[in-house]
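# Structural features, examined
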Amino acid sequence: MDFNLSTEQMEMRQLVRDFARDVISPRAAEIDETDEFPRDILQQMGKLGMLGLPIPEQYGGVGADFVAYMTAIEEISYASAALGVILAVHTSVGSFPILYFGTETQKQHYLPLLASGRMIGGFALTESGAGSDAVAIRTRATREGDFYILNGNKVFITNGGEAGVYCVFAVTNPERGARGITTFLVDADTEGFRVGKKEKKMGLHGSATCELHFDDARVPVQNRLGEEGQGFSIAMRLLDGGRIGIAAQGLGIAQAALDAAYAYTRVRKQFGQELNQFQGIQFMLADMATQVEAARWLVYHAAQMRQAGVDCTREASMAKLFATDTAMHVSTDAVQLFGGYGYTRDYPVERYMRDAKITQIYEGTNQIQRMVIARHLQS
Amino acid sequence: MNILVCLKQTFDTEERIVLENGHVKEDGVRFVINPYDEYAVEEALRIKEEHDGQVTLVSVGPTRFEEAIRTALAMGADEAVLGDDPALFGDEFTISKVLAAIISQRPYDLILAGNQAVDDGSGQVSVRLAEELGIPHISMATKVEVEGNKVTVHRDAEGDTEIVTGVLPMVITAQQGLNEPRYPSLIGIRKASKKPLTHVTVQDLKLSAEDLAGRINVLETYLPKPKEAGRVLSGELTDVVRELAEALHTTEKVV
């Protein structure tokens, strides 16, 4: 069983790692503190190709494979989970739907902008009454000549207010349930479209999470993505990739927390010896490291399957569940190992812990992941 | 303009040096482009972008140097030549002979290189290379301007700046502060594997056994002594001052 990265994948990971640790890490605390969207860093990431990693070269991307893209999410999240989610949403659900389901015209127009970072992508499915139960969305789209008129509200939209285009899901035929949902590419400057309240979150500061409002928003017919009624199946097609991406984000946070905890316990002395000389501390570090390692294998195994085009719904859910639970456990233990200092903002571990929490919630809660895994046990 | 960049792969400066049987252990070590050579690569790319031209990397060393070469190709260099035949390896004398033999087979206007390598720090190869090729060199550049075949180079001179001019073809070596090297781009990494990388062996070059025989023997390799804790002088001020002056003269021998 070959489980090694290719030379090219390793070189790409090294570049992203160097960039993340040299450029992002020194800014991560400031991004967390100010909660400001790190546009300048994204601009640099765009120039280096990080915002179009798995997009084919013909559309202005790098043309790297899914595994290389996952290493990028892991490495960026290691430095800043906020930038990790901006990248993951921009690519997995902001750009992939256009690549998979867009017309040639839509691809030619949007993908070069997105892949170069001149435009950020967003994804708008969730509503106040439709979270895990996505079919319950109530945003309506009615056709009027060459336009669809959209009305409704979306919540918790990552990259909200920063994205240039959003993949928006709306009901075109209420009688058809899941088959009555359609996807639209809504430009940020669309008449009748407005970005609402920006959430004040526990973590992921710097990543914008907003409400979106559609009041008779006029979307041209040529901005419909796929066919009428195809929306739900589009959303489902994105799930596996999206989940592995968030799993990679969790892995990056967990690795960062482990490294910080290990480094601290090597130098912090109590009772005349370094913390990592105490067996109780060694046991904690060993457990944390083992969980991170197990998470890494699940993440890259699922990524490898996704790359090979094999059905990986179960593996994607397992990776998402385990890697994000690991992020939570390991970051919580990291705070514990830092003691009182870990609870202050002088050290990054409290940020890791706040950032980790959301990874268990979004992109399908870990309860949903367990349902998916259980459903796939028999197959 | 044909720009050649001499490049070497060195230990990442953050790596810890471990000795095994009198040799520096290379297992599990991260290698990078010699940082001074990286300035040279960046400068070559900037000159290319301004004046148009071709950037070729030239290197002599083991096959693992390909890694450093691919990084420089991913930054934007056009092609590379690597002498990875162990028969070509040696000391500064040998390497400069080999580089000169490789380089004299191809057209060049400007040769850029790092002022020194961070591993052995001899700072000899590029200067020797210029001598071998019979062309002038300007070392330790902190700024390079090219106009036609005229070159203006700034160099640090004891807290001041010395401005030197010269005429191409010539060798210029890069000092820290010359520029801020770019990151290779991800698309650059993909393209790098498709750029030409020529391997050179001893058969390809007209070199005598004399040329290839090094002039230096390494007798011993050892790590610096671990730093000892500082000494705190205490007592009457006049005694302390006398003791300090004495120590600086006789023990530390820094005055």
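What counts, and at which threshold
Residues numbered from 1 in each chain as written. Chains lettered and ligands numbered in written order. Predicted model: local features only at pLDDT ≥ 70, side-chain atom pairs only at ≥ 80, totals over all residues. Heavy atoms only, no water. Buried < 20%, exposed > 50% of the residue type's maximum accessible area, 1.4 Å probe, protein only. Helix = DSSP H or I, 4+ residues; strand = E, 2+ residues; numbered from the N terminus. Pairing = 2+ DSSP bridges. Salt bridge = Lys/Arg side-chain N within 4 Å of Asp/Glu carboxyl O. Core = buried A, V, L, I, M, F, W, Y, C linked by side-chain atoms within 4.5 Å. Contact = heavy atoms within 4.5 Å. Buried area = accessible area lost by both parts, 1.4 Å probe. Nonpolar A, V, L, I, M, F, W, Y, C, P; charged D, E, K, R; others polar. Patch = residues over 30% accessible without salt bridge, like charges linked within 9 Å, V, L, I, M, F, W, Y side chains within 5 Å. Areas by Shrake-Rupley, 256 points an atom, 1.4 Å probe, with all protein chains shown as cover.

All names here are of chain A. Burial within strand β5 (residues 181–187) is extensive, with six of its seven residues counted as buried. Pairing geometry for strand β4 (residues 165–171) and β5, over seven bridges, is antiparallel. When the bridges of β5 are listed, V171 appears paired with I181.

Residues and elements named next belong to chain A. Counting across every chain of the model gives 36 salt bridges over all chains. One salt bridge in this structure joins R27 and E30, with 3.1 Å as the shortest N-O distance. Of this pair, R27 and E30 both sit in helix α1 (residues 7–34), three residues apart, which is roughly one turn of that helix. Where R370 meets D325, a salt bridge forms, and the shortest distance between an N and an O atom there is 3.3 Å. Separated by 45 residues along the polypeptide, R370 in helix α11 (residues 366–375) and D325 in helix α9 (residues 313–338) bring together distant segments of the chain. Overall, R370 belongs to the partly exposed group, its relative accessible area being 41%.

Among the nonpolar cores identified, the biggest contains 145 residues, and M45 of chain A together with L57 of chain B are the most heavily contacted of them. With 17 residues, helix α7 (residues 231–267) of chain A is the largest single contributor of residues to this core. Residues A100, I102, I135 and V171 of chain B belong to the second largest nonpolar core, which totals 25 residues.

Attention now goes to the interface of chain A and chain B. On the chain B side, the residues contacting the 21 residues of chain A number 11 residues. Buried surface at the junction of chain A and chain B, summed over both partners, amounts to about 1400 Å²; 59% is from carbon and sulfur atoms. Looking at the side of chain A facing chain B, the largest losses of area belong to E11, L15 and L48 of chain A, adding up to 35% of the total buried there. Across the salt bridge formed by R70 of chain B and E11 of chain A, the nearest N and O atoms sit 2.4 Å from each other. For the side of chain A that touches chain B, the secondary structure elements donating two or more residues are α1 and α2 (39–48) of chain A. For the side of chain A that touches chain B, a count of residues per class yields 10 nonpolar, five polar and six charged.

Turning our attention to a nonpolar patch on the surface. Together, I17, V24 and L223 of chain B line one region of the surface with nonpolar side chains, adding up to about 220 Å² of accessible area. By secondary structure assignment, the location of V24 of chain B is in strand β4 (residues 23–24).

All right, on to unusual backbone geometry then. Across the junction of L168 of chain B and P169 of chain B, the peptide omega takes the value 0°, indicating a cis bond. Positive phi, normally seen in glycine, also occurs at L204 of chain A, with a value near 50°. Turning to its location among the elements, L204 of chain A is positioned in the loop between β6 (193–198) and β7 (209–220). Classification of L204 of chain A as buried rests on a relative accessible area of 4%. The backbone of E158 of chain B sits at a positive phi, close to 50°, despite the residue not being glycine. Residue placement: E158 of chain B occurs in the loop between β10 (150–157) and β11 (160–167).

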